[in-house]
Amino acid sequence: AELERLRSEVDACGSGFGGEPAAYADLVVGSVHRARREHDAAVDRALRGLAQLGWTPERPGSRPLSTHLAAALLSQWITALLDSGHVPPDAVAAAAVQREAEDAGRQGVLLRLTLARVQAGRADHAARALVEAADGAEQAGVPALVAACRTAQSELHEGSGRYREALETMRAAMEADQ
């Protein structure tokens, strides 16, 4: 009931604006939908917010008004697709085109982690993406994300039988976490 009230209030507030305020409202409302496991509605809100910023999957190379907000909405879009169990490859490709969004501080790091999660089936690609995400988190000054990336790297190395690399990256994760 409380989440529904929040969704309604933010939705009403965001509908009075366009551009970034409306996109931010869509991000918040989409988060409520994800919390309620309403995956399709979360996908729709993320795409609606991205459109408010001037970006759509049909025009993946277009430059959004706000790269930070676009990175958050792109992450939410792909994560909601992951949660639904259906991630079209063209959606991932469209999100991955937004290199500026991937460099947008904390939200960019989360976008890189999300894209790495989608591609986890391809170990080499996932390992490279995790290294990039950890480096970005370090540059953004987010040690918890550095630790999460390094821990995921360690698990990937261990699963591939590369135990020395697994140990080294686990140590790096522990250092980042302290």
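You'll find the structure just up there.
Residues numbered from 1 in each chain as written. Predicted model: local features only at pLDDT ≥ 70, side-chain atom pairs only at ≥ 80, totals over all residues. Heavy atoms only, no water.

Is there a simple way to think about the environment of Glu-155 in this case?
Along the polypeptide, Glu-155 turns up in helix α9 (residues 143-159). For Glu-155, a relative accessible area of 54% gives the class exposed. For the pair Glu-155 and Met-170, spaced 15 residues apart in sequence, the C-alpha separation works out to 8.4 Å. (Helix = DSSP H or I, 4+ residues; strand = E, 2+ residues; numbered from the N terminus. Buried < 20%, exposed > 50% of the residue type's maximum accessible area, 1.4 Å probe, protein only.)

How should helix α7 (residues 105-118) be read in this particular structure?
Turn by turn, an α-helix covers 3.6 residues, leaving residues three or four places apart pointing in a common direction. When the terminal C-alpha atoms of α7 are compared, their 20 Å separation across 14 residues agrees well with the 20 Å that a helix rising 1.5 Å per residue should span. Along α7, the residues that are buried comprise Gly-108, Val-109, Leu-111, Arg-112, Leu-113, Thr-114, Leu-115 and Ala-116. (Expected span 1.5 Å × (residues − 1).)

Got a minute to help me understand the packing of aromatic side chains in this structure?
Here a ring pair, both rings aromatic, is described through the centre-centre distance and the interplanar angle of the planes. Overall, the coordinates contain 1 aromatic pair when judged by the stated rule. For the ring pair Trp-55 and Trp-77, a centre distance of 5.8 Å and an interplane angle of 65 degrees mean the geometry is edge-to-face. Of this pair, Trp-55 sits in the loop between α3 (39-52) and α4 (67-84) while Trp-77 sits in helix α4, and the two are 22 residues apart along the sequence. A relative accessible area of 1% means that Trp-55 is categorised as buried. (Phe/Tyr/Trp six-rings, centres within 6.5 Å; stacked < 30°, edge-to-face > 60°.)

Where do I start with the packing of α4 against α7 in this structure?
When two helices pack together, their arrangement is captured by the angle between the axes and the distance separating the axes. Put simply, α4 and α7 touch, their axes get as near as 8 Å, and they point 25 degrees apart. Classified by the interaxial angle, the pair formed by α4 and α7 is roughly parallel. For the pair α4 and α7, the sense of crossing is left-handed. On α7, the residues touching His-68, Ala-71, Ala-72, Leu-74, Ser-75, Ile-78, Thr-79, Leu-82 and Asp-83 of α4 are Gly-105, Gln-107, Gly-108, Leu-110, Leu-111, Thr-114, Arg-117 and Val-118. Residue classes in the contact of α4 with α7 are distributed as 8 nonpolar, 7 polar and 2 charged. (Axes fitted to C-alpha atoms, helices over the stretch in contact; angles between N-to-C directions. Parallel < 35°, antiparallel > 145°, perpendicular 65-115°, else oblique. Left-handed = near helix turned anticlockwise from the far one by under 90°. Contact = heavy atoms within 4.5 Å. Nonpolar A, V, L, I, M, F, W, Y, C, P; charged D, E, K, R; others polar.)

Can you help me understand the side chain of Gln-76 in this one?
Inspection of the secondary structure assignment puts Gln-76 in helix α4. Here the side chain of Gln-76 touches Ser-31 through a polar contact of 2.9 Å, side chain to side chain. Other than its neighbours up to four places away in sequence, Gln-76 contacts Asp-26, Leu-27, Gly-30, Ser-31, Arg-34, Ala-42 and Ala-46. (Polar contact = N/O pair within 3.5 Å; in protein donor to acceptor, adjacent residues only side chain to side chain.)

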